[in-house]
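# A closer look at the structure
This is what each chain is made of:
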Amino acid sequence: MTNQTDRQTTIGIACGLGAALIWGAWPVVTSIGIQGSITPVQIVMLRFFIAGLILAPFAFRGPSSLQDWGKALVFSLCAGAPYAILVSSAFYFAPASHGGVVIPGTVLFISVLAAHFWLGDRLTRTRIMGAGLIILGLIGLAFGAAGGIETLGGDLMFVGGGIMWASYTFLLRRWPADGLLIASRVAVLSLLMFGLLSLFGVGAGLSEVPLETIVFQGLWQGVLSGIVAIILFNKAVGILGSGKASIVNAMTPAIAVLLSFLVLGEIPTLIEFTGLATIMVGIAVALGLRPKLKRAPKTYATLPEKV
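What you see is a predicted model; the values in this text were computed from it and never measured.

### A look at the packing of aromatic side chains
Going through the model one piece at a time under the given rule, you end up with 12 aromatic pairs. Note on F75 and Y168: the rings are 5.5 Å apart at their centroids and 80° apart in plane angle, and the pair reads as edge-to-face. In this pair, F75 sits in helix α3 (residues 66-79) while Y168 sits in helix α7 (residues 149-174), placing the two residues 93 residues apart along the sequence. With a relative accessible area of 10%, Y168 lands in the buried category. Ring geometry for F75 against W175: centres 5.8 Å apart, planes inclined by 75°, an arrangement best described as edge-to-face. Of this pair, F75 sits in helix α3 while W175 sits in the loop between α7 and α8 (179-198), and the two are 100 residues apart along the sequence. The class of F75 is buried, set by a relative accessible area of 1%. Taking the relative accessible area as the measure of exposure, W175 reaches 27% and is therefore partly exposed. One aromatic cluster in this structure is built from F75, Y83, W165, Y168 and W175. Above the ring of F48, the side-chain terminus of R47 is found at 5.6 Å from the ring centroid. Geometry around W69 places R185 over its ring, the cationic atom sitting 4.4 Å from the centre.

### Here's the deal with the environment of G33
Locating G33 in the fold gives a position in helix α1 (residues 2-34). Between the alpha carbons of G33 and F91 there is a distance of 9.5 Å; along the sequence they are 58 residues apart. Discounting residues that sit within four places of it in the chain, G33 has contacts with I38, I43 and Q217.

About the thresholds
Residue positions are counted from 1 within each chain, in the order its sequence is given. Note on the predicted model: pLDDT of at least 70 is required for a residue's local features to be given, and 80 or more for side-chain atom pairs to be given and counted; whole-chain, interface and lining totals, by contrast, use all residues. Computation of side-chain values: all heavy atoms of the structure, hydrogens and water removed. Stacked, edge-to-face and tilted labels apply to pairs of Phe, Tyr and Trp rings (six-membered ring for Trp) whose centres lie within 6.5 Å, assigned for plane angles under 30 degrees, over 60, and everything in between, in that order. Secondary structure elements are taken from DSSP: a helix is a run of H or I of four residues or more, a strand is a run of E of two residues or more, and numbering for both begins at the N terminus. Here's how the labels work: a residue is buried when its accessible area is under 20% of the maximum for its type, exposed when over 50%, partly exposed in between, all with a 1.4 Å probe on protein chains only. Look at NZ for Lys and CZ for Arg. If either is within 6 Å of the ring centre and within 35 degrees of the ring normal, a charge sits over the ring. Contact definition: two residues touch when any of their heavy atoms are within 4.5 Å.

What follows is the structure in structure tokens.
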């Protein structure tokens, strides 16, 4: 029984790390595309074209009242095409490492506040400390941005994207639903949005993008980030529980920073690095992550035997 439990735990950790690796690499992959021959709108079109077609059969299997699809539309506005375009466009101005840290930091900060004011989830001292560190890190990035006002503008776009995604997660708690169903409907509705926008020339020129770029970005954005990572994370939550799965997923910012350095050669300034590190520490603190120290066994003084 113990071996079976250990095996399941190993699978859960592997799934969580797989999701963290995909999401951590996403800023780097997107930045490569944006700095190359494909626009943010075209990247997002590829993402939802592929994910929408693959997930379409699942989008119609759940409750399908007008109210259900209205909620799905709201989810799509927060985490679908508008979110993806905003965040992808930010890579024109700010480094990938910023996106990999600022977005999850903002999401956690906003989520903590929303849970306190609207869900009755009381702020603890640890969460306040973590939120404070995230704010200090964001301020550090603002003052230490190597690219000046342009980089700051990109960072603000990342913050805006973080607010949108935090709204999405908050609404998921208010309107609980099957994760795959919501992901499917967000993908399908985003695909329809682009179908309408394409009539006005939005995203034109995709046929001129090199085929290898289309294949690479399409697979990573539409299949890995849009489908596989979500399935892996949901599997990790099912095995490890949401608490432990969040601990594994907290590695995403660190992976993003490391890959930005190794793949893109992004070397942050001292202030930028301090800001990024402070945000990552704030995320860890807000999630309540701390190493478990082994306590030494208690020893009790004994009186000498009488002689």
